[in-house]
There are 2 protein chains.
Amino acid sequence: MQRSYDSLGVIVTGFHAPRLDSVLPYSQTNEHDFIDTRAGVALSQDETTARGRATAEMVAERANVSRVAVSRAFNPHASLKPAKRELILRIAQELNYTPDRAARALVSGRSHLVGVIVPDVCSHWESQEIDALTTALQAEGFATLLFKTRIDYSMDEQLLAYMRGFNPDSVIAFVENVKPTTLAKFLDRAVPIYIHYPRSGAPEDRQAGPLHDRLNVLHRTGVEQAVSLLQGYGARRIAYVSGVDKSRANTAREDMLRVVMAERGLAPPIIAASDFSYDRAYAATLDLFRVGEGADAVFAANDVGAFGVIDALRHELNLRVPEDVKVVGFDDIAQSHWKSYNLTTVKFDLEERVRALVRLILRRLNNPDAPPLEETLNTRLVVRGTVG
Amino acid sequence: MQRSYDSLGVIVTGFHAPRLDSVLPYSQTNEHDFIDTRAGVALSQDETTARGRATAEMVAERANVSRVAVSRAFNPHASLKPAKRELILRIAQELNYTPDRAARALVSGRSHLVGVIVPDVCSHWESQEIDALTTALQAEGFATLLFKTRIDYSMDEQLLAYMRGFNPDSVIAFVENVKPTTLAKFLDRAVPIYIHYPRSGAPEDRQAGPLHDRLNVLHRTGVEQAVSLLQGYGARRIAYVSGVDKSRANTAREDMLRVVMAERGLAPPIIAASDFSYDRAYAATLDLFRVGEGADAVFAANDVGAFGVIDALRHELNLRVPEDVKVVGFDDIAQSHWKSYNLTTVKFDLEERVRALVRLILRRLNNPDAPPLEETLNTRLVVRGTVG
DNA sequence: GTGAAGAATGAACACGTTTTCACTTTCCGT
DNA sequence: ACGGAAAGTGAAAACGTGTTCATTCTTCAC
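Computed from a prediction, not measured in an experiment: that's the story for all the values here.

A. Up close: the protein's contact with DNA strand D. Every one of the 23 residues lining DNA strand D counts as a neighbour, but Ala56(A), Arg67(A), Ser71(A), Tyr97(A) and Arg72(B) are closest to it. For DNA strand D, the backbone makes up 57% of the atoms found within 4 Å of the protein, where backbone means sugar plus phosphate. At 3.5 Å from a phosphate oxygen of DNA strand D is found a side-chain nitrogen or oxygen belonging to Ser79(B). Taking Val107(B), its main chain carries an N or O atom lying 3.5 Å from a base oxygen of DNA strand D. Of the residues contributing to the surface near DNA strand D, the split by class is 10 nonpolar, six polar and seven charged.

Structure follows, in structure tokens:
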């Protein structure tokens, strides 16, 4: 079996053309990425409806029971003679039957979908959070419905309307600057919405506060440990390379840093404006040391930002980390232990956080009128090689 | 408004306790991560059903039209007097109505959900692909339904059955070693399945080949450029730090490297077994240079692996990159331009790839019986600082 | 053996939409 | 004005399930 590439509609995108004239044995051309479609086309056509799936009706017929019995067999709480349930489940498996969740959602009002709104899946912290979230939700019988919003962390009304059509049971929004009324307009009273970033302390948040479940994170602990460590190594002039301006996470972190530094008699942090990204943090650092006054130590609003700071210091400013400048991050993402960075950082226990979040969500779904619950997680400093 | 932390059920996880006795003004305690729930509770209760959403029925009543007209107003292809459509859409907006997708799916057989199965959302390449995919699908009116499978890239039958319940219109699986028959057993004839890793060239794949849509990627172009560049700098002994053994992506890349090196009269690559991860690549590199014979240049199966290689060389083996050892990766993920690595790598145009994929999917959904289509993308070498 | 309590059962309804199918109205060329 | 085609319209059926409710069957204490 041989084939010539120029028989295909080849899209050539490289900066020099591929060898279109090369004719290789098929076994040597497995530079193919490959996509199967309709893998099941050849399967038996009996016992399936026109749409290709077995229904409860068909299972019932084959098992000589009513359709309702089939429904009950799949609901553990329903009462059904054990032998009958076993028979039904066996036949269901033979016919490869699973209850249709769309139909189930229609009547029960539970889609078992949790909407996740995120500005950027690739962001390290977010991607790790989504990963853990999906695992946890999957274990509880829910599926993650992913939506992207604008990169500036603002909430898009069009997106909310769009998402609403899918009827999520709950929504987790990695989103800033969104008013409860906006959310309420586009989602139903019954849908709990979880804003997954730190609160800003703005008046409207405080007002809404007591009505809602809360997951608190004590930034203070980790920040105190970090500042204490920096002080111990003689750092006095500390800079903060910020996250997105006015975002909840950035405000919370910057404010806490300011409070702790004040308590310890340090001058307020020098603020270098950035946006959580590597590139902006890199540029902000260059600015800080070339145009600005520099610093003994740099706090970055997140780990990725800290990587940008470190690379700017080492590879462009010819400063040593940690000898000349110490660097501390926030999050402790998986990449922080990579040797090139080996970052000292304030850790959030991501898995614990996601477990707590899923716990809150499920509790609220099972009991919508339960009193608001508050859970609090702590932070701690993970000491590696960028302070010392 | 003041509050004391020890009035909360504080979960303390740090390695030293937080200052529970501290009492700060609320505005200074915004170390809270914060979660809103049921933001809409206070909204007006009129014009909503018990479940909290307006229905087509209610819109029809208010607009003095039939319920069918409402349905048609939301379907651009249906014929409806423009004035009427406008009226309905306006009233729908007032009532904050959106068609329920579960009900729509039930009758039309289209859920507008695309299942994405992935072993690890955090993997850089996968997370970037998921991000682009979600954007593209969202633009076409589809939503991404995320599922996690086992980390060894194998396909979990239980997961397939679970996912099937959600009735995805199509499935994109970042998965290895899965037989078409397994997929077919758990998904319907009507659901196109896209395996999103390179083919292995194994007999069963070849057999299935002509029946399916395909998205080819010409590894050859980029690999030839890379090998040519390495040869130009005098590299002769080239090692390959592999991906997961027998995985499609790894096999395709390793085989192509072998073919190209043979064509150019080089000895076969020295194989160092790894699994696409930073840590294993790091360890494999130490092994290669301490126990094994070392190399002039290292090809890594992916960029993250290349980072592990670089860090092992520089920070543990005290070798210089690129002076002592040259390194080339695969993928060109966003992190590859970070200064600490500045990686020379074989680039896949991710956006273009995702666009082509979504194009194939939509075409197949709109016309299930269309003849199989094949698209081919090219690769190219992005030259940065790890070869030279 | 008897009665009552509880478990098991299936018919009918409900969920919110799209699609089909007749029917009515509008439009256009002559 | 006229006929025919096209566009517009709403009643009814369908999608596949969970839930309610009245009925039948089983169990168990006496």
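Still more to cover.
B. Highlighting the packing of helix H4 (residues 101–108) of chain A against helix H4 (residues 101–108) of chain B. At a closest axis distance of 8 Å, the pairing of H4(A) and H4(B) adopts a crossing angle of 135 degrees. With respect to their mutual orientation, H4(A) and H4(B) come out oblique. Our pair here, H4(A) against H4(B), has a crossing hand that is left-handed. Listed contacts from H4(B) to Ala102(A), Ala103(A), Ala105(A) and Leu106(A) of H4(A) are Ala102(B), Ala103(B), Ala105(B) and Leu106(B). Across the contact of H4(A) with H4(B), the residue classes tally to eight nonpolar, no polar and no charged.

C. Broad picture of the nonpolar core. Phe299(A) and Phe299(B) are the most contacted members of the largest nonpolar core, which has 160 residues in total. Excluding anything up to four places from it in sequence, Phe299(A) contacts Ala226(A), Val227(A), Leu230(A), Ile238(A), Ala239(A), Tyr240(A), Val241(A), Leu257(A), Val328(A), Phe330(A) and Val346(A).

D. Up close: the packing of aromatic side chains. Here the structure, examined in full by the defined rule, presents 23 aromatic pairs over all chains. Centroid distance Tyr341(A) to Tyr341(B): 6.1 Å. Interplanar angle 85 degrees. Geometry classified as edge-to-face. Within this pair, whereas Tyr341(A) is found in the loop between strand E13 (326–331) and strand E14 (344–348), its partner Tyr341(B) is found in the loop between strand E13 (326–331) and strand E14 (344–348), the two belonging to separate chains. Relative accessible area serves as the criterion here: at 1%, Tyr341(B) is assigned to the buried category. Each residue in the set Tyr278(A), Tyr282(A), Phe307(A), Trp338(A), Tyr341(A), Tyr278(B), Tyr282(B), Phe307(B), Trp338(B) and Tyr341(B) is aromatic and connected to the rest through ring pairs, giving one cluster.

E. Broad picture of the pairing of E14(A). Residue and element names in this part refer to chain A. The element E14 is largely enclosed, with a buried count of four among its five residues. Examined bridge by bridge, E13 and E14 share four bridges and lie parallel to one another. Its bridge partner being in E14, Asp-331 is matched across the sheet by Lys-347. Both E14 and strand E15 (residues 374–382) contribute to a ladder of four bridges, which runs antiparallel. When the bridges of E15 are listed, Phe-348 appears paired with Thr-379.

F. Inspection of the side chain of Ser336(B) at higher detail. Tracing the chain through its elements places Ser336(B) in the loop between E13 and E14. Judged by relative accessible area, which is 0%, Ser336(B) ranks as buried.

G. The arrangement of the pattern of salt bridges in detail. Residues and elements named next belong to chain A. A complete count under the given rule lists 28 salt bridges over all chains for this structure. The shortest N-O distance in the salt bridge between Glu-94 and Arg-62 comes to 3.3 Å. Linking Glu-94 in helix H3 (residues 82–94) with Arg-62 in helix H1 (residues 56–63), this pair joins segments that are 32 residues apart in sequence. Its relative accessible area of 39% is what places Arg-62 among the partly exposed residues. Across the salt bridge formed by Arg-237 and Glu-293, the nearest N and O atoms sit 3.7 Å from each other. With Arg-237 in the loop between helix H9 (219–232) and strand E10 (238–241) and Glu-293 in the loop between helix H11 (278–290) and strand E12 (297–300), this pair connects stretches of sequence that are 56 residues apart. Classification of Arg-237 by relative accessible area gives partly exposed; the value is 34%. The class for Glu-293 is exposed, based on a relative accessible area of 56%.

H. Representation of the protein's contact with DNA strand C within the structure. Close contacts around DNA strand C come from 24 residues, with Arg72(A), Lys84(A), Ala56(B), Arg67(B) and Ser71(B) the closest. By atom count, sugar and phosphate contribute 56% of the portion of DNA strand C lying within 4 Å of the protein. Taking Asp100(B), its main chain carries an N or O atom lying 3.4 Å from a phosphate oxygen of DNA strand C. Elements that contribute at least two residues to the surface near DNA strand C include exactly helix H2 (67–73) and H4 of chain A together with helix H2 (67–73) and H4 of chain B. Top element by residues in the surface near DNA strand C is H4(B). It accounts for four residues. Split into classes, the residues belonging to the surface near DNA strand C amount to 10 nonpolar, seven polar and seven charged.

Definitions and limits used
Residues numbered from 1 in each chain as written. Chains lettered and ligands numbered in written order. Predicted model: local features only at pLDDT ≥ 70, side-chain atom pairs only at ≥ 80, totals over all residues. Heavy atoms only, no water. Near = heavy atom within 4 Å. Polar contact = N/O pair within 3.5 Å; in protein donor to acceptor, adjacent residues only side chain to side chain. Nonpolar A, V, L, I, M, F, W, Y, C, P; charged D, E, K, R; others polar. Axes fitted to C-alpha atoms, helices over the stretch in contact; angles between N-to-C directions. Helix = DSSP H or I, 4+ residues; strand = E, 2+ residues; numbered from the N terminus. Parallel < 35°, antiparallel > 145°, perpendicular 65-115°, else oblique. Left-handed = near helix turned anticlockwise from the far one by under 90°. Contact = heavy atoms within 4.5 Å. Core = buried A, V, L, I, M, F, W, Y, C linked by side-chain atoms within 4.5 Å. Buried < 20%, exposed > 50% of the residue type's maximum accessible area, 1.4 Å probe, protein only. Phe/Tyr/Trp six-rings, centres within 6.5 Å; stacked < 30°, edge-to-face > 60°. Pairing = 2+ DSSP bridges. Salt bridge = Lys/Arg side-chain N within 4 Å of Asp/Glu carboxyl O.

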